[in-house]
Amino acid sequence: MNYKIVADSSIDILEMSVPAFQSVPLKIITSQKEYVDDASLDVGGMVADLLLYKGKSSTACPGVGDWLGAFDDATYVFCITISGNLSGSYNAAMLAKRDYEEQFPGRRVYVVDSLSTGPEMRLIAEKIAELAEKDTDFDEICKQIEQYQKRTHLLFMLESLKNLANNGRVNAAVAKVIGLLGIRMVGKASDVGTLQPLDKCRGEQNALKAIIKHLTELGYNGGKLCIAHCLNEAAALQLKAQLLKQFLHAKIEIYKTGGLCSFYAEKGGMLIGFEA
Ligand code: X90
């Protein structure tokens, strides 16, 4: 099958085990600098810059042309975006799909609104790769991914909601409370792809407890789980160790957030995508 998987860079990975993958960068913009979220970005350096920077900052999603460039000349394109309720990435991808299918009859594009970001997008990408490598029919893959999305979820832990609030993605009053020393917010991606706060926790240990509680309530039972963290490997390792006690054979991956998720999750933030 001549296919390609493309995802905006909020997926946090630049490579997959299959060659036909491309990440399409979002941008992080300050009055001093523009950071392109691709392989050349020094994410740690960007986070360090941002901790010192006091001015305005924002982000920009891929445009239609960026998506079209990434579709390249694949017959079957699977395109995964960050939640359409948080970004214009999905809309741009849908316009690119229309252009591409019109210009090249016979080619097909399936745009997946992840209604989420980061690790949940990664799970979707890996499921697509698994099915495509088995030469599953295009329409069948679309159908199975729709089903798969019903049993994947995203939880997150945040120490600061400053950048989310400044860019209108969460309520300013909620952000203020989380800004207080030692308070962590635990939340999940809602069914419509927005940030749904679940708990305000005092200290990281309580936040980890809350995460494990929500994981279980959402039906996690030792399946695939991915943890992306922003300068907080310690919390990710702790969560993994605690989960492995309960779920001996859980498949857990730990890695760093890319540019876009690092900007919004901020230092200490952690995103957990998993299969229920
Ligand atoms: O189009 C753009 O400029 C991108 C805007 C993205 C805004 C939100 C990114 C959130 C990243 C924060 C915690 C996870 C929330 C997931 C809820 C669906 C990470």
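Residues numbered from 1 in each chain as written. Predicted model: local features only at pLDDT ≥ 70, side-chain atom pairs only at ≥ 80, totals over all residues. Heavy atoms only, no water.

Overview of the packing of aromatic side chains
(1) Moving on: By the definition in use, this model includes 8 aromatic pairs.
(2) Moving on: Ring centres of Tyr100 and Phe104 lie 5.2 Å apart, and the angle between their planes is 65°; on these two criteria the pair is classed as edge-to-face.
(3) Moving on: The class of Tyr100 is buried, set by a relative accessible area of 2%.
(4) Moving on: An angle of 85° between the planes, with centres 4.8 Å apart, marks the rings of Phe263 and Tyr264 as edge-to-face.
(5) Moving on: Owing to a relative accessible area of 10%, Tyr264 belongs among the buried residues under this scheme.
(6) Moving on: An aromatic cluster of at least three residues, connected via ring pairs, comprises Tyr3, Tyr76, Phe78 and Phe138. (Phe/Tyr/Trp six-rings, centres within 6.5 Å; stacked < 30°, edge-to-face > 60°. Buried < 20%, exposed > 50% of the residue type's maximum accessible area, 1.4 Å probe, protein only.)

Side note on the sheet that holds strand β12 (residues 251-256)
(1) Moving on: Read from one edge to the other, the open sheet built from 6 strands follows the order β10-β9-β8-β13-β11-β12, with strand pairing classed as mixed. Looking at strand neighbours, the two that pair on one side only are β10 (195-202) and β12, the edges of this open sheet. Adjacent strand axes in the sheet meet at a mean angle of 20° when their direction is disregarded.
(2) Moving on: Alignment of strand β11 (residues 224-229) against β12, held across 6 bridges, turns out to be parallel. Bridged to Ala228 within β12 is Tyr255. (Pairing = 2+ DSSP bridges. Helix = DSSP H or I, 4+ residues; strand = E, 2+ residues; numbered from the N terminus. Axes fitted to C-alpha atoms, helices over the stretch in contact; angles between N-to-C directions.)

As for the nonpolar core
General note: in soluble globular proteins, nonpolar side chains tend to be found buried as a group.
(1) Moving on: Among the nonpolar cores identified, the biggest contains 53 residues, and Ile5, Phe78, Ile80, Ile128, Ile145 and Leu161 are the most heavily contacted of them.
(2) Moving on: Counting residues per element, this core draws most heavily on helix α4 (residues 118-133), which supplies 8 residues.
(3) Moving on: Within the second largest apolar cluster, 23 residues are counted, among which are Val186, Leu225, Leu239 and Ile272. (Core = buried A, V, L, I, M, F, W, Y, C linked by side-chain atoms within 4.5 Å.)

So, the site of the ligand
(1) Moving on: Around the ligand sit 20 residues in total, of which Thr59, Cys61, Leu86, Ser87 and Arg169 are the nearest.
(2) Moving on: Here Thr59 contributes a side-chain N or O atom positioned 2.5 Å from an oxygen atom of the ligand.
(3) Moving on: The side chain of Ser87 places a nitrogen or oxygen atom 2.7 Å from an oxygen atom of the ligand.
(4) Moving on: Taking 560 Å² as the accessible area of the ligand by itself, protein coverage stands at 99%. (Near = heavy atom within 4 Å. Polar contact = N/O pair within 3.5 Å; in protein donor to acceptor, adjacent residues only side chain to side chain. Areas by Shrake-Rupley, 256 points an atom, 1.4 Å probe, with all protein chains shown as cover.)

Details of the sheet that holds strand β4 (residues 34-36)
By way of backbone hydrogen bonds, the strands of a sheet pair with one another, either parallel or antiparallel.
(1) Moving on: Taken in spatial order, the 3 strands make up an open sheet running β4-β3-β5, and their pairing is antiparallel. Every other strand in the sheet has two partners, leaving β4 and β5 (57-60) as the edge strands with one partner each. Ignoring which end each strand starts from, the neighbouring axes of this sheet average 20° apart.
(2) Moving on: Relative to β5, strand β3 (residues 27-30) runs antiparallel, the two sharing 4 bridges. Directly across from Ile28, in β5, lies its bridge partner Thr59.

Here's the deal with the packing of α4 against helix α5 (residues 138-149)
(1) Moving on: It is the contact of α4 with α5, at a shortest axis distance of 10 Å, that shows an interaxial angle of 145°. You can see that α4 and α5 cross each other, and the crossing is right-handed. Across from Glu120, Leu123, Ile124, Lys127, Ile128, Leu131 and Ala132 in α4, the residues of α5 making contact are Ile141, Gln144, Ile145, Tyr148 and Gln149. (Left-handed = near helix turned anticlockwise from the far one by under 90°. Contact = heavy atoms within 4.5 Å.)

A few points about the state of the cysteines
(1) Moving on: Using the criterion set out here, one finds 0 disulfides in the structure.
(2) Moving on: Here Cys61 is not cross-linked by a disulfide; its sulfur's nearest cysteine counterpart is in Cys79, at 11 Å.
(3) Moving on: What makes Cys61 partly exposed here is its relative accessible area of 31%.
(4) Moving on: For Cys79, a relative accessible area of 0% puts it in the buried group. (Disulfide = S-S within 2.5 Å.)

Comments concerning the pattern of salt bridges
(1) Moving on: One pass over the full model with this rule turns up 11 salt bridges.
(2) Moving on: Notably, a salt bridge pairs Glu126 with Arg122, separated by 2.9 Å at the nearest N-O pair. Of this pair, Glu126 and Arg122 both sit in helix α4, separated by 4 residues, roughly a single helical turn.
(3) Moving on: Of the charged contacts, one joins Arg122 and Glu253 as a salt bridge, the two residues approaching to 3.8 Å between their closest N and O atoms. A residue pair is termed long-range when its members are at least 10 positions apart, and Arg122 in helix α4 and Glu253 in strand β12 qualify at 131 residues.
(4) Moving on: Using a relative accessible area of 9% as the deciding quantity, one classes Arg122 as buried. (Salt bridge = Lys/Arg side-chain N within 4 Å of Asp/Glu carboxyl O.)

A short note on the environment of Ile11
(1) Moving on: Of note, Ile11 is situated in the loop between β1 (3-8) and β2 (21-24).
(2) Moving on: Classification of Ile11 as buried rests on a relative accessible area of 0%.
(3) Moving on: If we ignore the near neighbours within four places in the chain, the residues touching Ile11 are Phe21, Gly118, Met121, Arg122 and Ala125.

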